[in-house]
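Fold and contact review
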Amino acid sequence: MKIAFFDTKPYDKPSFDKFGAEFGVKFKYFETKLNEDTVDLANGYDGVCVFVNDTVNAAVIDRLCEMGVKVVALRCAGFNNVDMKHAFGRIHVLRVPAYSPYAVAEHAMAMLLTSIRRIHKAYIRTRDFNFSLAGMTGFDLHGKTVGVIGTGRIGQVFIQICRGFGMRVLAYDKYQTPGLDNGDTVKYVSLEELFAASDIISLHCPLTEETYHIIDENSLSKCKHGVVILNTSRGALVDAEALLTGIKTRKVGAACLDVYEEESELFFEDFSGHILEDDTLARLISMPNVIVTSHQAFLTEEALSNIAETTVKNIVGFFETNQCPNELCYRCGNAEDCKSGKCF
Ligand code: NAI
């Protein structure tokens, strides 16, 4: 099996080489992202392996099909960059539904603690032998209320971590997890209640039409003064302009962003010698109470190994047995349901 691997980063290769060699999958690594201009690089390959900022739109899918490429193997969980409706019946799309919910949830907490205890400031100050504490006052997490939107794998781990800090959890999900609400320290509430009562809001839902800009001017107006916004999920869950206004008006006390709506041309690359064209991102980064990381929440050794192992097994399963439990349907997110016709 020959797979064209797009948007390759140095940290991808060791684990994909290891599991590829073990299971007989040969990867050709391309640094470029997959899009309409680069899709022809996949000519002669059985499949493509793509990440969050590759573009798998209708034109790319049609060209892949013309070239006889059978499968799109996502090496991530989210699939908002794939036109699933167009893919259905044309090309098979496989993904890695879970690789380490701990990696993302722990990163979310790392960002929160960094922000509210001003660790990012302290690190720079003490390196300059500035041992002043002026402006470093934080607040306790213990006893605070955290609103968690999306209580799937990552959301649930984040809730456990927050409970370890003695926080009260208000949760919102379109599909509630039975047994999570204990009627006391963890409660499912409406979005309205979550916005009104949370000191901190953390996003752990997927990006869909319904969740697009779930944090916008309207929702921020319902939040507590000084609310802290955490987004480790997908950039477009937050209207960045509205967030910036919220920061300027002091409505938002702090923001921790591992993802950004317009990240695809920026994140994962070094632009340190360039003029940043995105004024909103530049302004957000300039704020003392905003922390931005470039979609690195997943980046742990454990997650990288799990991603490579599952992706390789997905590909092998698909080509050798024509079965892959991680194949996606555009409606239900699961191929099994499609085959049974349940989602039509
Ligand atoms: P999951 O599928 O286990 O959980 C997602 C939850 O969101 C589910 O409980 C689902 O019912 C809920 N949900 C769906 N629609 C909703 C809506 N309209 N409103 C509220 N909740 C809704 O997914 P998992 O593994 O927990 O991942 C969550 C998100 O984290 C992914 O969608 C992805 O965007 C993001 N992610 C970010 C990474 C990073 O490196 N920053 C790495 C991995 C995932």
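Reading guide: rules and limits
Position labels on residues start from 1 in each chain and follow its written sequence. Residue-level local features of this predicted model are given only where pLDDT is at least 70; pairs of side-chain atoms are given and counted only at 80 or more, and the full residue set underlies all totals for whole chains, interfaces and linings. Only hydrogens and water are set aside when side-chain values are computed; all heavy atoms of the structure are taken into account. For Phe, Tyr and Trp, where Trp contributes only its six-membered ring, two rings pair if their centres lie within 6.5 Å, and the inter-plane angle classes them as stacked under 30 degrees, edge-to-face over 60, or tilted in between. The helix count covers DSSP runs of H or I at least four residues long, the strand count covers runs of E at least two residues long, and both are numbered beginning at the N terminus. Only protein chains enter the accessibility calculation, which uses a 1.4 Å probe; a residue whose area is less than 20% of its type maximum is buried, one above 50% is exposed, and one in between is partly exposed. By this rule the span expected of a helix is its residue count minus one, scaled by 1.5 Å. Paired strands, in this sense, are two strands between which DSSP finds at least two bridges. What counts as an axis is a line fitted to C-alpha atoms, over the stretch in contact for a helix, and the angles between N-to-C directions run from 0 to 180 degrees. Comment on the angle field: the value is read as roughly parallel under 35 degrees, roughly antiparallel over 145, roughly perpendicular from 65 to 115, and oblique elsewhere. The sense of a crossing depends on the near helix, which, turned anticlockwise from the far helix by less than a right angle, makes the crossing left-handed and, turned clockwise, makes it right-handed. Any two residues having at least one pair of non-hydrogen atoms within 4.5 Å are treated as being in contact. In this count, Pro and Cys sit with the nonpolar residues alongside Ala, Val, Leu, Ile, Met, Phe, Trp and Tyr, while Asp, Glu, Lys and Arg are called charged and the others, Gly among them, polar. Boundaries between domains were set according to an automatic or database domain assignment. Accessible area that two parts lose when put together, evaluated with a 1.4 Å probe and summed over both, is termed the buried area. For this analysis, a salt bridge means a side-chain nitrogen from Lys or Arg found within 4 Å of a carboxyl oxygen belonging to Asp or Glu. What qualifies as a polar contact is a pair of N or O atoms within 3.5 Å, subject to a donor-acceptor requirement within protein and to the restriction that residues adjacent in sequence count only when both atoms come from side chains. By nonpolar core is meant a set of buried Ala, Val, Leu, Ile, Met, Phe, Trp, Tyr and Cys residues that side-chain atoms within 4.5 Å join together. Definition of nearness: a residue and a molecule or strand are near each other if at least one heavy atom of the residue lies within 4 Å of the molecule or strand. Using the Shrake-Rupley algorithm and a 1.4 Å probe, accessible areas are obtained, with residue cover drawn only from the displayed protein chains.

Overview of the packing of aromatic side chains
If you walk through the whole model with that rule in mind, you get 11 aromatic pairs. Seen from their ring centres, phenylalanine 5 and phenylalanine 27 are 5.6 Å apart, and the 85° between their planes marks the pair as edge-to-face. Of this pair, phenylalanine 5 sits in strand S1 (residues 2–5) while phenylalanine 27 sits in strand S2 (residues 26–29), placing them 22 residues apart in sequence. One exposure class covers both phenylalanine 5 and phenylalanine 27, and it is buried. A ring pair is formed by phenylalanine 51 and phenylalanine 268, whose centres lie 5.7 Å apart and whose planes are at 55°; its orientation type is tilted. Taken together, the residues span a long stretch of sequence, with phenylalanine 51 in the loop between strand S3 (47–50) and helix H2 (58–66) and phenylalanine 268 in the loop between strand S11 (252–257) and helix H10 (279–286) at a distance of 217 residues. Owing to a relative accessible area of 8%, phenylalanine 51 belongs among the buried residues under this scheme.

As for helix H4 (residues 101–116)
Residues lying three or four places apart along an α-helix face the same way, a consequence of the helix completing one turn every 3.6 residues. Taking 1.5 Å as the rise per residue, H4 with 16 residues should run 22 Å; its terminal C-alpha atoms sit 23 Å apart, in good agreement. For H4, the full list of buried residues reads Pro101, Ala103, Val104, Ala105, His107, Ala108, Met109, Met111, Leu112, Ser115 and Ile116. Two residues or fewer after H4 comes arginine 118, characterised by a positive phi angle close to 55°.

Side note on the pairing of strand S10 (residues 227–231)
Among the five residues in S10, five count as buried, and that is most of the element. In the sheet, S10 pairs with S11 via five bridges, with the strands oriented parallel. Each bridged residue has a counterpart across the sheet, and for isoleucine 229 the counterpart in S11 is alanine 255.

With respect to the packing of H4 against helix H6 (residues 153–164)
Relative to each other, H4 and H6 sit at 50°, their axes nearing to 8 Å. Our classification of the angle between H4 and H6 gives oblique. Note on packing geometry: the crossing formed by H4 with H6 is right-handed. Of H6, the residues touching H4 (which contributes Pro101, Tyr102, Val104, Ala105, Glu106, Ala108 and Met109) are Arg153, Ile154, Val157, Phe158, Ile161 and Cys162. Grouping the amino acids of the contact of H4 with H6 by side-chain chemistry returns 11 nonpolar, no polar and two charged.

A word on the domain arrangement of the protein
Domain annotation for the protein reports domain 1 (2–99 + 301–328) and domain 2 (101–292). Summarising the inter-unit geometry, the C-alpha centres of domain 1 and domain 2 are found 30 Å apart. Across the boundary between the two partners, domain 1 contributes 14 residues, which contact nine residues of domain 2. Taken together, both faces of the contact between domain 1 and domain 2 bury some 950 Å²; the carbon and sulfur share is 52%. In terms of surface lost to domain 2, no three residues of domain 1 exceed Lys9, Asn53 and Asn80, which account for 43% of the buried area on that side. Across the domain 1-domain 2 interface, the total number found is two salt bridges. Across the pair lysine 33 and glutamate 269 runs a salt bridge whose closest N-O atoms are separated by 3.8 Å. Our enumeration of links across domain 1 and domain 2 arrives at three residue pairs in polar contact (both at pLDDT 80 or more). Looking at the side of domain 1 that touches domain 2 residue by residue, the classes come out as seven nonpolar, three polar and four charged.

Some words on the environment of histidine 92
For histidine 92, the location among the structural elements is in strand S5 (residues 92–94). Spatially, the C-alpha atom of histidine 92 lies 29 Å from that of leucine 203, the residues being 111 residues apart in sequence. With near-sequence residues (within four places) excluded, histidine 92 lies in contact with Lys70, Val71, Val72, Phe318 and Glu327. Only 2.6 Å separates the side chain of histidine 92 from the side chain of glutamate 327, close enough to count as a polar contact.

Section: the nonpolar core
Grouped together as the largest cluster of nonpolar side chains are 79 residues, with contacts concentrated most on Val48, Leu64 and Ile201. Here this core gets seven residues from one element, more than from any other, and that element is helix H11 (residues 301–321). When residues of this core are assigned to domains, at least three fall in each of domain 1 (2–99 + 301–328) and domain 2 (101–292). Beyond its immediate stretch of four places on either side in the chain, valine 48 contacts Ile3, Ala4, Phe6, Leu34, Ala42, Leu64, Val69, Val71, Val72 and Ala73. Of all hydrophobic cores here, the second largest spans 25 residues; its members include Val157, Cys162, Val169 and Val228.

Quick word on the site of the ligand
In the vicinity of the ligand lie 23 residues, with Tyr99, Arg153, Ile154, Asp173 and Thr232 positioned nearest. At 2.6 Å, a side-chain N or O of aspartate 173 approaches an oxygen atom of the ligand. Starting from 860 Å² of accessible surface for the ligand in isolation, the protein chains cover 87%. Residues of the shell around the ligand, tallied by class, amount to nine nonpolar, eight polar and six charged.

Looking at the sheet that holds strand S12 (residues 290–292)
Reading across the sheet, the seven strands line up as S8-S7-S6-S9-S10-S11-S12 and stay open at both edges, with parallel pairing between neighbours. The sheet is open, and its two edges are formed by strand S8 (186–188) and S12, each paired on a single side. Within this sheet the neighbouring strands show an average axis-to-axis angle of 15°, counted without direction. Packing against the sheet, H4 makes contact with strand S9 (200–203), S10, S11 and S12, and its axis sits at approximately 140° to S11. Here helix H9 (residues 240–248) sits on the sheet in contact with S10, S11 and S12, set at roughly 140° to S11.

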